[in-house]
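Okay, here's what each chain looks like letter by letter:
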Amino acid sequence: MTSQVEPLYAINDLVIDLYAATVSVRAVDGVSLHVMPGETVAIVGESGSGKTVSTLGPLGLLPEGVTVDVRGTAKAGGKDLVGMASARLSQMRGAYFGVIFQDPISALNPMLKVGPQLAEQARRFCGLSHEAARKEAVSLLARSGIPDPEDRYNRYPHEMSGGMLQRAMIALALAARPKVLIADEPTTALDATVQAQILELIRQIQRDNDIGVILITHDIGAVASVADRVVVLYAGQVAEEGSVLDVLTSPVHPYTRGLLASVPDFRAEDRVEAHEIPGLPPNQIKLEPGCRFAERCEHVEPQCRVERPPLRTIAAPGTPHRVACPVVIRREGIAVQ
Amino acid sequence: MSEKPAIEVKDLKVHFATRAGTSVRAVDGIDLVIPNGSFHGIVGESGCGKTTLARTIVGLQKETAGQVVIGGRDRAEWMKSDRKSFSRKVQFVFQDPLGSMSRRQNIYQTLEEPLLIHGFGSAEKRRNRIQELLDLVALSSTVLDRLPRSLSGGQRQRVSIARALALNPSILVCDEPLSALDVSIRAQIVNLFTSLQKRLGLTIVIVAHDLAVVREVCSDVTVMYLGRVAEEGITRPLFREPAHPYSQALLSAVPSANPLIETTRKRIILPGDPPSPSNPPSGCRFHTRCPVAFEKCGAEVPSLREAPHGGKAACHLATSNKRPIVD
């Protein structure tokens, strides 16, 4: 990848605090990540790790009823989304980003037929006429693998199966020809054989369009299956990032190692006991200094509890492999760039 | 322990009437034998009837036809004559621990309730039993005065397992006990189940859609499709050489966490969605999506027959030394 190519979406040193009635939570704590054209980046982490908030937060897509404080930058198409007025943000969100949500039935309007919802997107953000938008919507449904798209155009969401709805959702996300497609747990609500269909569809979209795809997931299998790069988040911070091959086959951060060991390789021959990471993710209300993983880590040293571990780039050909654990790097004599 | 199997399911049917006057055949003719001390997985996609089957085994759902036999006794008869002794024998663990506990009872009350209902000893004896249960599921006694809501998902699932174990059952039936949990926590609960099974000699039945977990913990497995058994056998050999084309597709759909394997392996992508259980296809229920179906499949229901992995498969093309290969 040459340095001339600008990332399509670049988050830099992002901090997001969420305030509810009585508590504040630091959901995202200094996260930087980006996606390049034609690239699929997976954001991996458990619930509460900040994977959704860090990616969708700058777009203004956050749970209702909480007050948000966002710092840092989130650049897309030469503009910073942080602090952008909500009308402009809404325009950006529609035209530049396509979002696939975990639960398609709640993302589509149940009172409207599926097709017109797609056509509206195409009309509003691509300036198509009514007739052209209708044609585009039918073609989007077809390209998303929906059989008999002319008929499905006039169906209501409740008349379609979960897999069909997720395909319609993907068609909707692509309707405004976005530069960046964000898929938030797109397969979690689906059955195994349908999951495989949807992952195949995402792979195909990525091949056919030169867009950037951000895949938010906790499913390591999905990461291995479609992503080029992966960013591992733990308690609102980046623990490790790099190419899928580097991170999944030679993880360095103790959390990544624990996470991968707790998903047994489905195709390995011998039976190994599921590795468990002891304890629970930290409470992000009372923040302790130092490494967030320290309490659950088998390699913990006194200094881990004092100082936030810096992300260091370790030697790897091609895509940089970064790890926020100086302890393992030192103990295992891993070369740092 | 008696030599009778822990659970026998005989030609079980569970149909639900719909408002339109049709019926959803959630479970439609299932035979199953689960021996004592086995760890049995029931897998399949949503709508295949796996949860209905589990609920009917423990009597949370009434059967339309057929019979469930627990330790040699007819389940329906047993529940009618002595409901309490039945629930001391068989317990159910729900998918959503929060939804299955009272939000206003603290954990102590939650665990004490079954002991009270069954007249378990004095207050002190109950307190000791609750402590034993906490130790069994590795929870600290600090949770006792908390409400379910304030616990993490993993802790809640430990509480609901502890509650199910309160009366020393010999059979535990669990409906998707892991699907609400995060990956690293899931591994903790998986290991808890395997250690409990070894320590207490339980018979455990788990309904799951996560095949990786089933492969890891279950000694035997039943694959369901649209209310019927597609295939059954010992987990490892069956997963290695699935004979039913549906099992082959289902197993192929599980991505590997290893990108070297994942980017090169062949996948079977099935066309379409599973058909509706209110109007299942004729003959083999899988024939509408099956890549190797032929005329007979649409006409004749395949019976369960011996398959190369030593278990049984409901496919016209499977024999004891040959299986159809889908690619």
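Description of the structure in this document. (Residues numbered from 1 in each chain as written. Chains lettered and ligands numbered in written order. Predicted model: local features only at pLDDT ≥ 70, side-chain atom pairs only at ≥ 80, totals over all residues. Heavy atoms only, no water.)

Let us look at the interface of chain B and chain A. Listed as interface residues are 45 residues of chain B and, on the opposing side, 44 residues of chain A. Buried area between chain B and chain A, both sides added, is near 3,800 Å², and the carbon and sulfur share of it is 53%. For the interface between chain B and chain A, the tally reads three residue pairs in polar contact (both at pLDDT 80 or more). Those elements giving two or more residues to the side of chain B that touches chain A turn out to be helix H7 (183-200), helix H8 (211-217), helix H9 (235-240), helix H10 (245-252) and helix H11 (259-262) of chain B. By residue number, the principal contributor to the side of chain B that touches chain A is H7(B), which donates seven residues. (Contact = heavy atoms within 4.5 Å. Buried area = accessible area lost by both parts, 1.4 Å probe. Polar contact = N/O pair within 3.5 Å; in protein donor to acceptor, adjacent residues only side chain to side chain. Helix = DSSP H or I, 4+ residues; strand = E, 2+ residues; numbered from the N terminus.)

Once that is clear, we can look at the packing of aromatic side chains. Using the criterion set out here, one finds 10 aromatic pairs over all chains in the structure. Note on A:Tyr9 and A:Phe97: the rings are 4.9 Å apart at their centroids and 75° apart in plane angle, and the pair reads as edge-to-face. Here A:Tyr9 is found in strand S1 (residues 9-19), whereas its partner A:Phe97 is found in strand S6 (residues 97-100), with 88 residues between them in sequence. Across the pair, exposure class does not vary: A:Tyr9 and A:Phe97 are buried alike. Between B:Tyr225 and B:Tyr246 the ring centres are 4.5 Å apart and the planes differ by 55°, which places this aromatic pair in the tilted class. On the criterion of sequence distance, the pair formed by B:Tyr225 in strand S9 (residues 220-225) and B:Tyr246 in helix H10 is long-range, its members being 21 residues apart. (Phe/Tyr/Trp six-rings, centres within 6.5 Å; stacked < 30°, edge-to-face > 60°. Buried < 20%, exposed > 50% of the residue type's maximum accessible area, 1.4 Å probe, protein only.)

All names here are of chain A. Taken in spatial order, the eight strands line up as S6-S7-S8-S3-S9-S10-S12-S11 in an open sheet, and their pairing is mixed. Of all strands in the sheet, those bounded by a partner on one side alone are S6 and strand S11 (312-314). When strand polarity is set aside, the average angle formed by the axes of neighbouring strands in this sheet is 20°. As judged from the two bridges shared by strand S10 (residues 237-243) and strand S12 (residues 321-323), these two strands associate in the antiparallel manner. Counted as the bridge partner of glutamate 241 is arginine 322 from S12. (Pairing = 2+ DSSP bridges. Axes fitted to C-alpha atoms, helices over the stretch in contact; angles between N-to-C directions.)

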